[in-house]
Amino acid sequence: MRLRRLAAVGSAALVAVALTACGAGFTTATAGGAASDGAGAPEAERVFKVAFNQNADQPEAVAMTHLGERLAERTDGRYSVEVYPNETLGAQKDTVELVQSGAVDLALVAGSLLENINADFVALNMPYVYDSQAHQEAVLNDPAITGDLYSSLEEQNIRVLGGFSAGVRSVYTSVRPIETPEDLAGLKIRVMETDTNSRMMDLMGGVGTPMGQGEVYTAIQSGVIDGGENNESIYRNLKHDEVAPYYSYTNHLMIPDYLITNPATFDAMSEADRTVFLEELQAAYDESSRLTTEVMTESQRAAEEAGAEFNAPDVEPFREAVAPLLDEKLTTPTSRELYDRTRAVAEQMAEEER
Ligand code: GCU
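In this report, the structure presented in the accompanying data block is examined. (Residues numbered from 1 in each chain as written. Predicted model: local features only at pLDDT ≥ 70, side-chain atom pairs only at ≥ 80, totals over all residues. Heavy atoms only, no water.)

**Description of the overall build of the chain**
A tally of regular secondary structure across the chain gives 16 helices and 11 strands. Counting every position in the chain, which comprises 354 residues, the buried fraction comes to 53%. Expressed as a percentage of contacts within the chain between residues at least 6 apart in sequence, the contacts between residues at least 24 apart total 74%. For the chain, the exposed area adds up to about 14500 Å²; of that, 49% sits on carbon and sulfur atoms. (Helix = DSSP H or I, 4+ residues; strand = E, 2+ residues; numbered from the N terminus. Buried < 20%, exposed > 50% of the residue type's maximum accessible area, 1.4 Å probe, protein only. Contact = heavy atoms within 4.5 Å. Areas by Shrake-Rupley, 256 points an atom, 1.4 Å probe, with all protein chains shown as cover.)

**Quick notes on the site of the ligand**
Around the ligand sit N53, Q54, Q92, A110, A166, R169, R190, M192, Q213, N230, I234 and D257, and that is every residue in its neighbourhood. In the environment of the ligand, an oxygen atom lies 2.7 Å from a nitrogen or oxygen atom belonging to the side chain of Q92. Separating an oxygen atom of the ligand from a side-chain N or O atom of R190 is a distance of 2.6 Å. Protein contact buries 97% of the 310 Å² of open area that the ligand shows by itself. (Near = heavy atom within 4 Å. Polar contact = N/O pair within 3.5 Å; in protein donor to acceptor, adjacent residues only side chain to side chain.)

**Section: the sheet that holds strand 2 (residues 79-84)**
Read from one edge of the open sheet, five strands run 2-1-3-10-4, paired in mixed fashion. Strand pairing shows two members of the sheet lacking a second neighbour, strand 2 and strand 4 (159-164), which therefore form its edges. Going from strand to strand, the sheet's axes swing by 25 degrees on average, the running direction of each strand aside. Running over the sheet, helix 13 (residues 271-305) touches strand 1 (46-51), strand 2, strand 3 (106-110), strand 4 and strand 10 (257-261) and is turned about 25 degrees from strand 4. (Pairing = 2+ DSSP bridges. Axes fitted to C-alpha atoms, helices over the stretch in contact; angles between N-to-C directions.)

**Here's the deal with the pattern of salt bridges**
Summed over all chains, the structure comprises 18 salt bridges. A salt bridge links E154 to R159; the nearest nitrogen and oxygen atoms lie 2.7 Å apart. For R159, a relative accessible area of 17% translates into the label buried. One connected set of salt bridges, linked through shared partners, spans R70, R74, E279 and E280. (Salt bridge = Lys/Arg side-chain N within 4 Å of Asp/Glu carboxyl O.)

See below:
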């Protein structure tokens, strides 16, 4: 099916690729492309580069790679995407700027980074704001709730195309299991680079220490910090379990990852192609969501098998400890409204379950 459609475009290059594809699967489209195992990025006239800071097996990368395949197919080879994993195009902070300048087409970045550009994003980054992955996904991809927020960065040359759930974050340390906020006393815990996250960790009882994700392993190993906070998959994948074997389910954060682009890049597509892209993005959320659930369970199992210890403290004392953050950070009517609407979705979902 895909081959027939690509060949039908009639461009010599695409026909050539279609022929290659008969034998060996699609080749990567970009010379020197960092991603791929060769199966990932179908050739197209325009291959959007997607910057990603984790490895190519992570749910969002897999889902975006598959999106690229479907996009190539449905646009008759006009567009596809190629994921550049492992910070190849830079740490998240840098890739936001690369999207703004148009040097990179798309990037997956944590909500914390966008909060530094428009503080209203903070509402969707607050500790304990979501009850579940399903709740988070319902909020992130409801244009009635997030539409204005996602288009609020156009003047800064950023458009948020959508949000992925990136699992639930908990604390891990090299020192001891965390049962209560008091157990975090004096421990330097790496957080993402925002004041909100730093302050959150201080309120939780530790010492919030902002840094890029790529530096965390060495920082723990050398004793510069005592741990971090992330989901089970990152914990296992970046081998943080080797240097910080105590993972404690504080479940305090579910920071979304946003797919961002430069409005000029996206609007250069025809309206019909943009629609296809956005439809396929919906399918990508579903795939990533399913894989996220699987990968977290599997990562926990693998880390445990390798010697990590998992414990499940009572989260209530942590929830109470971070409560002051709401008044400190939800300082605009928009952020307050976003927060309230997010909580209203949770209540509605709970009601429907009863
Ligand atoms: C998760 C999240 C990333 C983020 C990272 C971090 O992996 O998906 O977007 O960069 O955590 O802690 O920095």
